[in-house]
Amino acid sequence: MALGILPYALHFNLNSFNFKFPRENRTVLARISNGQQPSSNSNGYPPSPKQKSPFLGKQEADVVVIGSGIGGLSCAGLLARYKQDVLVLESHDLPGGAAHSFEIKGYKFDSGPSLFSGFQSRGPQANPLAQVLDALGESVPCAAYDSWMVYVPEGEFLSRIGPTEFLKDLEKYVSLDAVKEWKKLLDAILPMSAAAMALPPLSIRGDLGVLSTAAARYAPSLLKSFIEMGPQGALGATKLLRPFSEIIDSLELKNPFVRNWVDLLCFLLAGVKSNGTLSAEMVYMFAEWYKPGCTLEYPLHGSGAVVDALVRGLQKFGGRLSLGSHVENIVVENGRAIGVKLRSGQFIRAKKAVVSNASMWDTLNLLPKEVVPKSYQERVERTEQCESFMHLHLGFDAECIPEDLGIHHIVVNDWNRGVDADQNVVLISVPSVLSPDLAPPGKHVLHAYTPGTEPFGLWEGLDRKSSEYKSLKAERSEVMWSAVERALGSGFSREKCEVKLIGTPLTHKRFLRRNRGTYGPAIQAGKDSFPGHSSPIPQLFCCGDSTFPGIGVPAVAASGAIVANSLVSVSQHSELLDAIGI
């Protein structure tokens, strides 16, 4: 999923101010990629990543980044732009982490994110991923659209973004009472958006230099936004760091559909419902989706095009990416992270820092147990996880499929069970309707999934070759098949699909190296906050969805940018902000 859009300005963690490192710079000339296009295994998916050959290249760098997810590539690309010697080590044969794409029988599948916005935005209030790409001199051509199909207990309708279109949908499919409450909600929160978006995520860094690159630089615009909001709006802005449910409750919103819809948006955005989602996250999202002229965007050629753009930017500035290079552990010497050891047995030295783009649980498992403070281990172990996924990847003939089929479909079976209940919400993406090159001529490619609601415990310990596993796959995938049949109509036949791939939490864990196949931390706003980017091990830093700002493509891009900014001088950071006009 790619809905995570966070209020980077209003939730900065001062506890992360402990960065200390040398300032020497070095430009890397060497580039390496030893990955190959994978063949398919017996289940249809490409084979799980293995280190097939020794790492070939200079076995040291200023900064070694573990993992080529969006966060890791954003961090590495900016470091290369800052003229740092940076090397990204990726276990998989393909870059991108949860956002990678893969091809089977001419069908190009997204492995995860499919719902994007803000690629074309520029300036201080732009999406953080757009700001990273701008800094790297790269762009991602997109197809714009403004709606998705919704299948809910109340009925089926085409949900449209924008300030007035959704009101029409509510009036037609729900009630005038729902219209009244939705307008009340928009009137209350949209004025807060200027404050939530006043501080560009690319201006944030993890030391006191943030007072120069962020606080002083953007104080006038932040002050102006509060003045324009007036006393009432400014008072409301104080709730931005509280759970969004508190704003809903303060407005006395009672309509069941409105409250259920908000819970659904929150869950898709942050992996938790409105009582656990930071208000500023939702305010930012509402500004993106319900302002005049807003659109959603799908990257032409699939989510892999986003990854390709980040890789191009990395390599353009001399950064290196090595695929099929599995990091076995982080090497700690004299209490400091000094590099990594690969599965091949090779040691890669990091002269300045090691950055982990792995989850907090997987990063913990990479560290020697004797160097990990007990308090850090306990914090990681007690952090609640979002559940995992079921995936359905299909390739099929478009002949009997409606020509006006939309790209996205959301199915909610029962509001009473809650949007976070397993087997209840299914998301469907048919990107070939906007990017036909993703499938052979006259064909469609489809990805359906249950969004972080599949219990890992049902699958834990199963042998993937066993009849029990295959039977459970068939049983637990049926909710996705039913949702697809509902969305595509009677012309669709599951028996006639040319490609049928079912992914489970074990698939998710295996291919993405995710602890228990989790979507990420289920951190509840008001009860806890996402960790900063430093660690108790000097010279070890973290980015990605286990760190501030949290889950989702824009959020992890912001996390990678914050780490990169923190590893260079304030003057270099300020020069970059000037160069991209923010």
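It should be noted that the structure appears before, not after, this text.
Report follows, based on the coordinates. (Residues numbered from 1 in each chain as written. Predicted model: local features only at pLDDT ≥ 70, side-chain atom pairs only at ≥ 80, totals over all residues. Heavy atoms only, no water.)

### A few points about the nonpolar core
(1) Moving on: One finds Trp182, Leu185, Phe244, Trp261, Phe286 and Tyr290 to be the most contacted residues of the largest nonpolar core, which totals 68 residues.
(2) Moving on: With 11 residues, the top contributor of residues to this core is helix 8 (residues 256–270).
(3) Moving on: Excluding anything up to four places from it in sequence, Phe286 contacts Trp182, Leu185, Leu186, Ile189, Leu190, Phe244, Leu265 and Lys291.
(4) Moving on: Core analysis: the next-biggest nonpolar cluster, separate from the first, contains 56 residues, Leu136, Leu310, Ala353 and Leu577 among them. (Core = buried A, V, L, I, M, F, W, Y, C linked by side-chain atoms within 4.5 Å. Buried < 20%, exposed > 50% of the residue type's maximum accessible area, 1.4 Å probe, protein only. Helix = DSSP H or I, 4+ residues; strand = E, 2+ residues; numbered from the N terminus. Contact = heavy atoms within 4.5 Å.)

### Here we look at the packing of aromatic side chains
In this description, an aromatic ring pair is defined by two values, namely the gap between the centres and the angle between the planes.
(1) Moving on: Tallied over the entire structure, the rule returns 16 aromatic pairs.
(2) Moving on: With a centroid separation of 5.3 Å and 25° between ring planes, the pair formed by Phe166 and Trp261 is classed as stacked. Of this pair, Phe166 sits in helix 3 (residues 165–173) while Trp261 sits in helix 8, and the two are 95 residues apart along the sequence.
(3) Moving on: Classification of Phe166 by relative accessible area gives buried; the value is 0%.
(4) Moving on: Overall, the relative accessible area of 1% leaves Trp261 in the buried class.
(5) Moving on: Look at Phe244 and Phe286: their rings are 6.2 Å apart centre to centre, the planes differ by 35°, and that puts the pair in the tilted class. A residue pair is termed long-range when its members are at least 10 positions apart, and Phe244 in helix 7 (residues 244–250) and Phe286 in helix 9 (residues 279–289) qualify at 42 residues. For the residue pair Phe244 and Phe286, the accessibility class agrees, reading buried in each case.
(6) Moving on: Here a set of aromatic residues connected by ring pairs shows up, and it is made of Phe157, Phe166, Tyr173, Trp182, Phe244, Phe257, Trp261, Phe286 and Trp415. (Phe/Tyr/Trp six-rings, centres within 6.5 Å; stacked < 30°, edge-to-face > 60°.)

### A closer look at the environment of Ser250
(1) Moving on: Within the secondary structure layout, Ser250 lies in helix 7.
(2) Moving on: A distance of 2.8 Å separates the side chain of Ser250 from the backbone oxygen of Ile247, its partner in a polar contact. (Polar contact = N/O pair within 3.5 Å; in protein donor to acceptor, adjacent residues only side chain to side chain.)

### A closer look at the sheet that holds strand 14 (residues 408–412)
(1) Moving on: Sheet architecture is open: seven strands sit in the order 7-6-14-15-16-13-17, paired in mixed fashion. Bordering the open sheet on either side are strand 7 (155–160) and strand 17 (499–503), each of which pairs with just one other strand. Each strand axis lies, on average, 15° off the axis of its neighbour in the sheet, ignoring direction.
(2) Moving on: The sheet contacts of helix 8 involve strand 6 (147–152), strand 7, strand 14, strand 15 (425–429) and strand 16 (443–454), and relative to strand 16 the element is tilted by about 100°.
(3) Moving on: Contacts from helix 14 (residues 505–512) reach strand 13 (388–397), strand 16 and strand 17, with the element oriented near 90° to strand 13. (Pairing = 2+ DSSP bridges. Axes fitted to C-alpha atoms, helices over the stretch in contact; angles between N-to-C directions.)

### A look at the environment of Lys58
(1) Moving on: The topology assignment puts Lys58 in the segment before strand 1 (60–66).
(2) Moving on: Residues Lys58 and Ile348, spaced 290 residues apart in sequence, show a C-alpha to C-alpha distance of 8.4 Å.
(3) Moving on: Looking at Lys58, its side chain comes within polar contact range of the side chain of Asp85, at 2.8 Å.

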